[in-house]
Amino acid sequence: MFLEVETHCHTIASGHAYNTLEEMVLEAQRKGLKGICITDHGPEMPGSCSSLYFYNLVVVPRKINGIMVFRGCEANIVDYEGNIDIPQAALMRLDFVIASLHDVCIPSGTVSDHTRALIGAIKNPYIHCIGHPGNPLYEIDKEEVVLAAKEYKKAIEINNSSFYVREKSKENCIEILKLCKKHGVYIAMGSDAHYKADIGRCEITQKLVTDYEFPPELIVNKSLESFISFLKLHGKDIEI
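Treat the numbers as computed from the prediction; the structure is a model and nothing was measured. (Residues numbered from 1 in each chain as written. Predicted model: local features only at pLDDT ≥ 70, side-chain atom pairs only at ≥ 80, totals over all residues. Heavy atoms only, no water.)

*Asks:* I keep staring at the overall build of the protein chain and nothing clicks. Help me out?
*Replies:* Check the secondary structure of the protein chain and you find 9 helices and 8 strands. Here the protein chain has a C-alpha radius of gyration of 16 Å; the compact-globule value for 240 residues is 18 Å, and the two agree. Oriented by its inertia axes, the alpha-carbon framework of the protein chain measures out at about 45 × 35 × 35 Å. When the 240 residues of the protein chain are sorted by exposure, 57% land in the buried category. Contacts spanning at least 24 positions in sequence make up 79% of the contacts within the protein chain whose residues lie at least 6 apart. When the 25 basic and 32 acidic side-chain charges of the protein chain are each reduced to a single mean position, those positions are 5 Å apart. (Helix = DSSP H or I, 4+ residues; strand = E, 2+ residues; numbered from the N terminus. Rg over C-alpha atoms; globule rule 2.2 N^0.38 Å. Buried < 20%, exposed > 50% of the residue type's maximum accessible area, 1.4 Å probe, protein only. Contact = heavy atoms within 4.5 Å. Lys, Arg positive; Asp, Glu negative; His and termini not counted. Charge placed at Lys NZ, Arg CZ, Asp CG, Glu CD.)

If you want it as structure tokens, here you go:
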């Protein structure tokens with residue numbers, strides 16, 4: 001595998017995915033991964049789980065069949081100030097939090113609106129990564145967002161699923177990747193799997209990273225050790 005940790009996937013708790021948490025973990029094991037982040041959608045996503053689900057994720061074992069399990073979520077950004085739909089009490093108990101813009105949770109606005117929303121989320125100390133910022137429905141000032149991520153030591157996701165489900169994402173993602181390389185900003189390579197077969201599937205993202213000679217030391221989930229080190233930057237002391 002090009003990656004050792006899957007940072008973005010969904011279980012049946014999200015309401016529109018098709019496998020249980022344990023099925024996703026066992027698939028990660030089958031594919032040779034060493035870790036997996038369970039990042040179900042926040043409650044503003046229609047059909048998803050309540051905040052209590054995220055608060056209670058601490059009951060999930062840290063390891064299942066030898067695979068490190070990181071408790072996370074994909075929080076929905078709900079306004080242009082970057083507020084999200086997960087309360088702080090739950091966020092504090094999670095290892096890895098992605099914040100994303102979704103059209104069923106917030107309408108498309110202006111470039112300034114979208115940029116302000118992502119930067120507001122980046123400033124939240126409990127958020128670690130911005131999800132699929134290449135989405136053309138939410139055009140942003142890419143360099144401004146990347147520079148904010150650098151200031152707060154956050155990761156920008158290059159989302160492999162976007163290349164299939166979000167038309168015209170590729171051009172935006174390439175520009176974001178180049179800016180992250182230019183400014184030395186972390187990226188996460190996520191599959192955004194909603195079915196177990198897609199766990200660890202990052203072939204397009206991998207090709208872009210290779211083609212544009214992106215520094216491997218800035219890929220937070222390249223190895224289990226690199227992911228643990230990234231989380232430590234944000235006060236998460238997790239032992240392998």
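Read on, since the account is not over.
*Asks:* What exactly am I supposed to notice about the UniProt feature "domain: Polymerase/histidinol phosphatase N-terminal" (unreviewed entry) in the protein chain here?
*Replies:* Annotation from UniProt places "domain: Polymerase/histidinol phosphatase N-terminal" (unreviewed entry) at residues 5-79. Split by type, residues 5-79 is 20% helix and 28% strand. Its first and last C-alpha atoms lie 30 Å apart. (UniProt positions renumbered as here; feature names shortened; annotations may be inferred.)

*Asks:* When you look at empty space enclosed by the protein in this model, what are you seeing that I'm missing?
*Replies:* A probe as big as a water molecule, rolled over the atoms, marks out the empty space that is left. Applying the stated criterion across every chain, the model contains 1 cavity of 30 Å³ or more. Of the pockets and cavities examined, the largest cavity occupies roughly 50 Å³. Around the largest cavity sit Ser100, Leu101, Leu118, Gly131, His132, Pro133, Asn135, Tyr138 and Ile140, which together line it. Residues belonging to the lining of the largest cavity are distributed by class as follows: 5 nonpolar, 4 polar and no charged. (1 Å grid on protein atoms, 1.4 Å probe; cavity = no way out; pocket = protein on both sides within 12 Å on 5 of 7 lines; lining within 4 Å. Points joined across faces, edges and corners; volume = space filled by probe spheres on them. Nonpolar A, V, L, I, M, F, W, Y, C, P; charged D, E, K, R; others polar.)

*Asks:* In this structure, what is going on with the layout of surface pockets? I would like to understand it.
*Replies:* When its volume is computed, the largest pocket comes out at roughly 230 Å³. In this structure, the largest pocket is lined by 15 residues; those nearest its centre are Met45, His102, Asp103, His132 and Arg166. Taken together, the residues of the lining of the largest pocket sort by class into 4 nonpolar, 7 polar and 4 charged. Put simply, the second largest pocket is a space of about 170 Å³. Around the second largest pocket, the lining residues are Asn160, Ser161, Tyr164, Val165, Arg166, Ser191, Asp192, Ala193, His194, Asp198 and Arg201. Of the residues that constitute the lining of the second largest pocket, the class distribution is 3 nonpolar, 4 polar and 4 charged.

*Asks:* Any chance you could explain the packing of aromatic side chains here in plain terms?
*Replies:* What characterises a pair of aromatic rings is the spacing of the ring centres plus the angle enclosed by the ring planes. With the rule as written, the count across this model stands at 4 aromatic pairs. Here Tyr53 and Phe54 contribute two aromatic rings whose centre-to-centre distance is 5.1 Å and whose plane-to-plane angle is 90°, an arrangement assigned as edge-to-face. Relative accessible area serves as the criterion here: at 24%, Tyr53 is assigned to the partly exposed category. Owing to a relative accessible area of 0%, Phe54 belongs among the buried residues under this scheme. Ring geometry for Tyr186 against Phe230: centres 5.3 Å apart, planes inclined by 70°, an arrangement best described as edge-to-face. Here the residue Tyr186 occupies a position in the loop between α7 (169-183) and β8 (187-190), and Phe230 occupies one in helix α9 (residues 224-233), the gap between them amounting to 44 residues. Relative accessible area serves as the criterion here: at 23%, Tyr186 is assigned to the partly exposed category. (Phe/Tyr/Trp six-rings, centres within 6.5 Å; stacked < 30°, edge-to-face > 60°.)

*Asks:* Could you clarify how one ought to interpret the state of the cysteines in this entry?
*Replies:* Linking two cysteines covalently through their sulfur atoms gives a disulfide. Counted by the stated rule, this structure contains 0 disulfides. Among the cysteines around Cys37, which has no disulfide bond, Cys9 carries the closest sulfur, lying 7.6 Å off. A residue is classified by how much of its surface remains accessible, and Cys37, at 0% relative accessible area, is buried. Cysteine Cys73 remains unbridged, with the sulfur of Cys49 as its closest cysteine sulfur at 9.0 Å. (Disulfide = S-S within 2.5 Å.)

*Asks:* I tried to follow the side chain of Asp40 on my own but got confused; where do I start?
*Replies:* As for its position among the elements, Asp40 is in strand β2 (residues 35-41). Nearest to the buried, unbridged Asp40 among oppositely charged side chains is Arg71, at 12 Å. Polar contacts involving the side chain of Asp40 include one to the main-chain amide nitrogen of Thr11, which spans 2.7 Å. Polar contacts involving the side chain of Asp40 include one to the side chain of Tyr53, which spans 2.6 Å. Filtering out sequence-adjacent residues up to four positions away, Asp40 remains in contact with Cys9, His10, Thr11, Ala13, Ser14, Tyr53, Phe54, Gly72, Cys73 and Glu74. (Salt bridge = Lys/Arg side-chain N within 4 Å of Asp/Glu carboxyl O. Polar contact = N/O pair within 3.5 Å; in protein donor to acceptor, adjacent residues only side chain to side chain.)

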